[in-house]
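Here's the letter readout for the chains.
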2 protein chains.
Amino acid sequence: MPLTLEDIARLSGVSRSTVSRVINADLNVKEDTRRKVQEIINNFNFQPNLAAKRLATGRSNVIGVIIPAGVSDLFTDPYFPQLLQGISALCNTRDYSVMLWLTEPEYERRMISRILHNSLVDGVVVASILMDDPIIQLLIESKMPYILIGRHPTEDVNYLDVDNLQAGRKATMHLVRLGYKRIATITGKKNQVAGYDRYLGYVKALQDSDMPVRPELVADGDFTEESGYNAMQRLIMYRPDAVFIANDMMAYGAMRALREANLRIPEDVAIVGFDDIPASSKTVPPLTTVRQAIAPMGGKAADLLINMIESGTMTTQKVIMDTELVVRESCGAS
Amino acid sequence: MPLTLEDIARLSGVSRSTVSRVINADLNVKEDTRRKVQEIINNFNFQPNLAAKRLATGRSNVIGVIIPAGVSDLFTDPYFPQLLQGISALCNTRDYSVMLWLTEPEYERRMISRILHNSLVDGVVVASILMDDPIIQLLIESKMPYILIGRHPTEDVNYLDVDNLQAGRKATMHLVRLGYKRIATITGKKNQVAGYDRYLGYVKALQDSDMPVRPELVADGDFTEESGYNAMQRLIMYRPDAVFIANDMMAYGAMRALREANLRIPEDVAIVGFDDIPASSKTVPPLTTVRQAIAPMGGKAADLLINMIESGTMTTQKVIMDTELVVRESCGAS
DNA sequence: TTGTATGCGTTATCAT
DNA sequence: ATGATAACGCATACAA
């Protein structure tokens, strides 16, 4: 039912090829006819059929975003919305569209394999990969341009990440400098790179300060509020005077546990979180936390991916984004 | 580079059409050859080119989701992630993919028009529409199957929504029954249907109870935490003993304002929110709020849309989802 | 039951 | 500078 190149050609008295040239800004077209054709296009609000374009050129101007829904909590953590926002905004500027897949673990492999081979997208951004995720292999084999959000230990893998290790170190170091002696940590999932690296940063800060890493002061969580609450309850008996917590959601849980135990923040226990999600400036007391620029990271990822697509190159990229420690009352700042 | 039907045909010693029949589960194919072909397909992990399929059939098995990013706060409110989750999960079950557009106000019209005409998607879900949104007209004119999330006052428009009016009435009525006399409200944006309808529900509850609607007890917000905080500060001087607040984010802001004014919840001021976002069971005190099933609503919307697409009908649909009042301590429940 | 031929709406190559 | 024509990979009407 929609108009085609052929229709526009007939209406403006030229051939299909000329119309195509006008649309693709080909220089070999007389200014006069260009204007004439463009007017018809505008009048009828003609939009070329992208499926046909895809078939003819091999490119769709669509990138895929794959979010393994099982990995993190899509509902409570604004991480993914922000990432999507960044990706989407950049795609708008470069005339790309985004295809979104929230993959469920049970279908993940099959679905990924479909995505990589059915030619719907020119490249993919894959968010929140596990350290040992098998889909990496599929990605590499597929020859499709891709970029991971989240560092990956393997060689020859394209990724983009915040410097979780440095950030974890910086956050813990802040507590060291403030004079805390029994600094604990609540970790994220250690099979996720972010969880692992933040934990390593904590360890490194203590080692660099010649302080012991006490196993009883390391409590594992899984990035959810609930797990932060539980982890803090386990930690309390070991009397930490400060805690570095691998994300803000868990920090809220930890604060809840401290409140229930009638411990004051930061007088009895100081807290540092990670993410600076919007609510963190509104907690009581406001949370000291590491700010990572999620949306810009998404934009950067999409930009790199589109560059790879358009240049046809697949050079390995490893980009590390900076972070910033936002100091608030939860660890004693005024 | 990827394999084509032709390749598979050659490899399995049949014709292109037979392979096509196998893939599309056509009954007219001998079980024997079906198995043979299927095996080749599996061995080579063949995936048909969807652009070509789209071109040949006129259908892409892709639906679009359009979220006007200007309308609400994508980052702090889990509404959109949940909606996306519901849509995505349903699409997985029906073998559809989703294309996501977060439209920015300045480009919105042009972008929508492109989406509706470039044949990338078979239909669209449009979230969070303004009451007077001009894109409705574009939708109707385009003849593309669509469904709005959010009631729309115009006739002959397909939408799906929670019953905001009933829910607002139910929430306010709860406060009436508990004996509160000076019940205030903090509204959402009144040019969004949800904001408007929840406000109407508040008014209706008071009228049905022969209580006056006092203008000074109505404070307008815009669904953000900050606006809830400001609105509550304005309300305090008029001494409300209870407040119905049009969403949970604003309720958090209001609770912050009350805390700063040294007013106790619910002893001095009782609170009812709307959304039951995950954090609402963890506030102090836990928030009484209206729960709407967002993800299921997204799934339902996608289901309806796909039905429209596959049946080729465009009958007007108006579906209203139920809500549930979750009573917690913020209005005096144990 | 299977194969052949045609068309879907573009782009791209080749003439003119 | 422009037009005719052949792909692109699939589905499908028709023939066998």
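Throughout, residues of each chain are indexed from 1 in the direction in which the sequence is written. As they are written, the chains are lettered A onward and the ligands numbered 1 onward, keeping that order. This being a predicted model, a pLDDT of at least 70 is required before a residue's local features are given, and a value of 80 or more before pairs of side-chain atoms are given or counted; all residues contribute to the totals for chains, interfaces and linings.

### Focus: the overall build of chain A
Selection rule: Helix and strand definitions here come from DSSP, where helices need a minimum of 4 consecutive H or I residues and strands a minimum of 2 consecutive E residues; each element is numbered from the N-terminal end. Only C-alpha atoms enter the radius of gyration; for comparison, a globular chain is expected to reach 2.2 Å times N to the power 0.38, where N is the number of residues. Exposed residues have 12 or fewer other C-beta atoms within 10 Å of their own C-beta, buried residues have 20 or more, and residues in between are partly exposed; the C-beta atoms are placed from the backbone. Contact criterion: two residues are in contact if their C-beta atoms, reconstructed from the backbone, are within 7 Å.
A tally of helices and strands in chain A yields twelve helices and twelve strands. In terms of overall size, chain A is more extended than a compact globule, its C-alpha atoms giving a radius of gyration of 25 Å where 334 residues would be expected to give roughly 20 Å. Judged by the C-alpha coordinates and their principal axes, chain A covers about 85 × 40 × 35 Å. Classification of the 334 residues of chain A by burial places 52% in the buried group. Of the contacts formed within chain A by residues at least 6 apart in sequence, a portion of 70% connects residues at least 24 apart.

### What to know about the pairing of strand β1 (residues 62–68) of chain B
Residues and elements named next belong to chain B. Put simply, the rule reads: A pair of strands counts as paired when DSSP detects no fewer than two bridges linking them.
Most of β1 is tucked away: seven of the seven residues are buried. Residue alternation in β1 divides its side chains into two sets, Val62, Gly64, Ile66 and Pro68 and Ile63, Val65 and Ile67, and both sets are buried. Relative to strand β2 (residues 97–103), β1 runs parallel, the two being bridged by seven bridges. Across the sheet, the residue bridging to glycine 64 is methionine 99, located in β2. The pairing of β1 with strand β3 (residues 123–127) spans four bridges and is classified as parallel. Residue glycine 64 lies in a different strand from β3, and its bridge partner there is valine 124.

### Focus: the interface of chain A and chain B
Accessible area lost when the parts come together is the quantity often used to give the size of an interface. Worth spelling out the cut-off: Residue type decides the class: Asp, Glu, Lys and Arg count as charged, Ala, Val, Leu, Ile, Met, Phe, Trp, Tyr, Cys and Pro as nonpolar, and the leftover types, Gly among them, as polar.
With 41 residues of chain A at the interface, the matching set in chain B holds 41 residues. Listing elements by their share of the side of chain A that touches chain B, those giving two or more residues are α4 (50–57), α5 (79–93), β2 (97–103) and α6 (108–117) of chain A. Of the residues assigned to the side of chain A that touches chain B, the class counts are 21 nonpolar, 14 polar and six charged. One ladder, built from three bridges, connects β2(A) with β2(B); its direction is antiparallel. Bridge pairing in β2(B) places Leu100(A) opposite Val98(B).

### Focus on the relation of the copies chain A and chain B
The operation linking the two copies of the chain is a rotation about an axis combined with a translation along the axis. Put simply, the test is: Here the copies are superposed with least squares, the fitted atoms being C-alpha atoms of residues at a pLDDT of at least 70 in both.
Of the transformation superimposing chain A on chain B, the axial component is 0.0 Å and the angular component is 180°, with the fit at an RMSD of 0.1 Å. Such a combination of turn and shift is consistent with a two-fold rotation axis. Every residue of chain A has its C-alpha some distance from the rotation axis, and the shortest such distance is that of Met99(A), at 2.1 Å. Same-surface contact between copies: 100% of interface residues of chain A are shared with the interface of chain B.

### With respect to the domain arrangement of chain A
All names here are of chain A. As a reminder of what qualifies: How far each domain reaches was decided by an automatic or database domain assignment.
Annotation of chain A at the domain level lists domain 1 (5–48), domain 2 (62–162 + 294–322) and domain 3 (164–292 + 325–331). Facing the 16 residues of domain 2 at the interface are 15 residues of domain 3. Classifying every residue of the side of domain 2 that touches domain 3 by side-chain character gives seven nonpolar, four polar and five charged.

### Examining the sheet that holds strand β7 (residues 218–220) of chain B
Residues and elements named next belong to chain B. Definition in use: Axis geometry follows a simple rule: fit a line to the C-alpha atoms, using only the stretch in contact for helices, then measure angles between N-to-C directions, giving values from 0 to 180 degrees.
Across the sheet, six strands lie side by side as β7-β6-β8-β9-β10-β12; this open sheet has mixed pairing. Two strands close off the open sheet at either side, each with one partner strand: β7 and β12 (323–326). Strand after strand, the sheet turns through a mean of 15° between neighbouring axes, direction not considered. One ladder, built from three bridges, connects strand β6 (residues 183–187) with β7; its direction is parallel. Its bridge partner lying in β7, threonine 187 is registered against aspartate 220. Here helix α11 (residues 248–260) sits on the sheet in contact with β6, β8 (242–245), β9 (270–275) and β10 (288–292), set at roughly 155° to β9.

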